[in-house]
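Report on the structure
One-letter residues, chain by chain:
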Amino acid sequence: MPARTPAPTPARTPAPAPAPGLAPADPEPGRAPTAPSAPESSTSAQFRPDSASLTGEAPLHTRYTEARDTLRAWLASGVLVPDDVPGLYVYEQRGPGILQRGLIGDVGLTDPAQHIVLPHENVLPGPIADRLALMSTTQANLEPIFLLYEGGNGTTTRLVDEVASNRRPLVSARTEDGLTHRLWAITDDAEITAINADLHDRQALIADGHHRYATYRVLQRQVRAAHHPQAPSQQPPGGEPSVGPWDFGLALLVDTSAYPPDLKAIHRVIPGLPPTEAAAKAKGSWQVHDHNDLAQGLAALERAAEPSFLLVGESGVHLLTDPDPVQLARAMPPDHSERWNSLNTSILAQFVLPFVWGLRDDEEHVRIVHHDTDAAVQLAIRMGGTAVILKPLAIDDVLAVAAGGERVPRKSTSFGPKPRTGLVLRTFAID
């Protein structure tokens, strides 16, 4: 944790508006939205609900109150110090074969139905409840979510590159994964206005942080309900609640045209199903190609057209290609788009697992291994099962599915490099 953390103060900072409507409303026509200044934001200074008032449940587990108390102590003692001047933050991650630059700021929260901030994965109530407990107790966003947008190397990206190339960073740190992280503040009003103008009419895809974004919106609804319990007809003229820190969420935005993200596959392991048995069951609906070893199989997978899957375990290496089109069409859900039905993870979940192998796609029957082929194979061997090695999805396919209002199957994407926790925090109290 750096001794001086850039101020997480969106109530004093113009909202970066990385997608259209990222702030609740435009205060002036043609001008990017801004959040109220700190002295005027009395609602944020008074916002101190405990966990029970937000969730209606018993007091939170000790770990959340410990996190709150630690954060308060660090702020009080000067371990964490807000910047004197509000700003947006250029963030660079650099390492062997990796360079990613983006902008950290606060995005206005919008409903996914507005197609402004686009999720591509479904969320579960358990993780949302956990993150809600943490956010509501600490009154903070402790790390940014990861958003991607198509910026066409526009004003924002050119400014991000200019700052990273010519200005002195606030923070520079090297982490154990070999990446160097650098951070700069953008505090000039004209530069922030130019960023807002460039980003205001764009969409953003959630690359990482679906549960946190969903939690942002749950917290927003709960606080608004607590502050404005009356029916809309009884609200003051204008009908809109005042803007507070809960109407924004901390995010890193990266322009995919300048810095294409590293999208890796997520592999599956099927315990108790050896590769020879898995391949035998697939022969009635897939072309099955046997290979001598893992390296040969991976090379064949790389060359194969989608959909294709490499089955690996102690008993062999087998490549599945060219599914029977009639059986495949019968298995895929008609209420999904053709693009969704063509994803390898969709075909695995809807066709291979239930129809070919007679299994459910759940945590009991399918284990998940993030983009580490060797780890997936070793786990399969230990469990007497099969590692199903997949190729990564195409970013264009993920974007198209999300833009159409659909969600990819669970554990379909692993975007990177993700922002490092601890470089920029955002506290509602300072807002």
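1. Structural notes on the packing of aromatic side chains
What the rule picks out here adds up to three aromatic pairs. Between the aromatic rings of Tyr213 and Tyr216, the centroid separation amounts to 6.3 Å while the plane-to-plane angle is 65 degrees, which identifies the pairing as edge-to-face. Of this pair, Tyr213 and Tyr216 both sit in helix 7 (residues 210–227), three residues apart, roughly one helical turn. Given a relative accessible area of 4%, Tyr213 falls into the buried group. Taken together, a centroid distance of 5.6 Å and an interplanar angle of 70 degrees make the contact between Trp286 and Phe309 edge-to-face. Pair noted here: Trp286 is in the loop between helix 8 (275–282) and strand 12 (287–291) and Phe309 is in strand 13 (residues 309–313), with a separation of 23 residues, a long-range link. Considered together, Trp286 and Phe309 belong to a single accessibility category, that of buried residues. An aromatic cluster is present here, built from Trp286, Phe309 and Phe351 joined pairwise through their rings.

2. Brief notes about the side chain of Thr386
The residue Thr386 is located in strand 16 (residues 386–389) in this model. By relative accessible area, which is 0% here, Thr386 ends up buried. Reaching out from Thr386, the side chain makes a polar contact with the backbone oxygen of Pro274 at a distance of 3.4 Å. If near-sequence neighbours (up to four positions away) are discounted, Thr386 is found in contact with Arg268, Val269, Ile270, Leu273, Pro274, Pro275, Ala278, Leu311, Val312 and Ala380.

3. Overview of the environment of Asp372
Following the sequence through the fold, Asp372 ends up in the loop between strand 15 (367–370) and helix 13 (373–382). When the C-alpha atoms of Asp372 and His267 are compared, they prove to be 7.7 Å apart, with 105 residues separating the residues in sequence. Looking at Asp372, its side chain comes within polar contact range of the main-chain nitrogen of Asp374, at 3.3 Å.

4. What about the packing of helix 5 (residues 155–166) against helix 6 (residues 189–199)?
The contact between helix 5 and helix 6 brings their axes to 8 Å, and the two run at 140 degrees. One element, helix 5, and the other, helix 6, form an angle in the oblique class. When helix 5 is examined against helix 6, the residues Thr155, Thr156 and Leu159 are found in contact with a partner set consisting of Glu191, Ala194, Ile195, Asp198 and Leu199. In the contact of helix 5 with helix 6, the residues fall into four nonpolar, two polar and two charged.

5. Re the environment of Ser414
With respect to the helices, strands and loops of the structure, Ser414 is situated in strand 17 (residues 414–416). Sequence spacing of Ser414 and Asp208 is 206 residues, and the spatial spacing of their C-alpha atoms is 8.0 Å. Setting aside residues up to four positions removed in sequence, Ser414 forms contacts with Asp262, Leu263, Lys264, Ile266, His370 and His371.

6. Description of helix 8
Among all positions in helix 8, only Pro275, Ala278, Ala279 and Ala282 are buried. Projected onto a plane normal to the axis of helix 8, the buried residues spread over an arc of 95 degrees and lie on a single side. The secondary structure elements touched by the buried residues of helix 8 are strand 12, strand 13, strand 14 (316–321), helix 12 (344–356) and strand 16.

Rules used in this analysis
Here the residue numbers are simple positions, counted from 1 along each chain's written sequence. Whole-chain, interface and lining totals are the exception, using all residues; otherwise, since this is a predicted model, local features are given only for residues with pLDDT of at least 70 and side-chain atom pairs are given and counted only at 80 or more. The side-chain values count all of the structure's non-hydrogen atoms but skip hydrogen atoms and water molecules. Working definition: rings of Phe, Tyr and Trp (its six-membered ring) pair if their centres are within 6.5 Å, and the pair is stacked with planes under 30 degrees apart, edge-to-face with planes over 60 apart, and tilted otherwise. Secondary structure is summarised from DSSP: a helix means a run of H or I of at least four residues, a strand means a run of E of at least two, and numbering begins at the N terminus for each. A simple rule labels every residue: compare its accessible area, found with a 1.4 Å probe on the protein chains alone, to the largest value its type can have, and call it buried under 20%, exposed over 50%, or partly exposed in between. Side-chain atoms alone can form a polar contact between residues adjacent in sequence; in general such a contact is a pair of N or O atoms within 3.5 Å, and within protein one must be able to donate a hydrogen while the other accepts it. Contacts are assigned to residue pairs with any non-hydrogen atoms lying within 4.5 Å of each other. Whenever a helix is involved, its axis is fitted only over the stretch in contact; in every case the axis is a line through C-alpha atoms, and angles between N-to-C directions fall within 0 to 180 degrees. In these notes the angle categories are as follows: under 35 degrees is roughly parallel, over 145 is roughly antiparallel, 65 to 115 is roughly perpendicular, and the rest is oblique. Three categories are distinguished: nonpolar for Ala, Val, Leu, Ile, Met, Phe, Trp, Tyr, Cys and Pro, charged for Asp, Glu, Lys and Arg, and polar for the others, with Gly belonging to the last. This arc describes the spread of directions from the helix axis toward the C-beta atoms.

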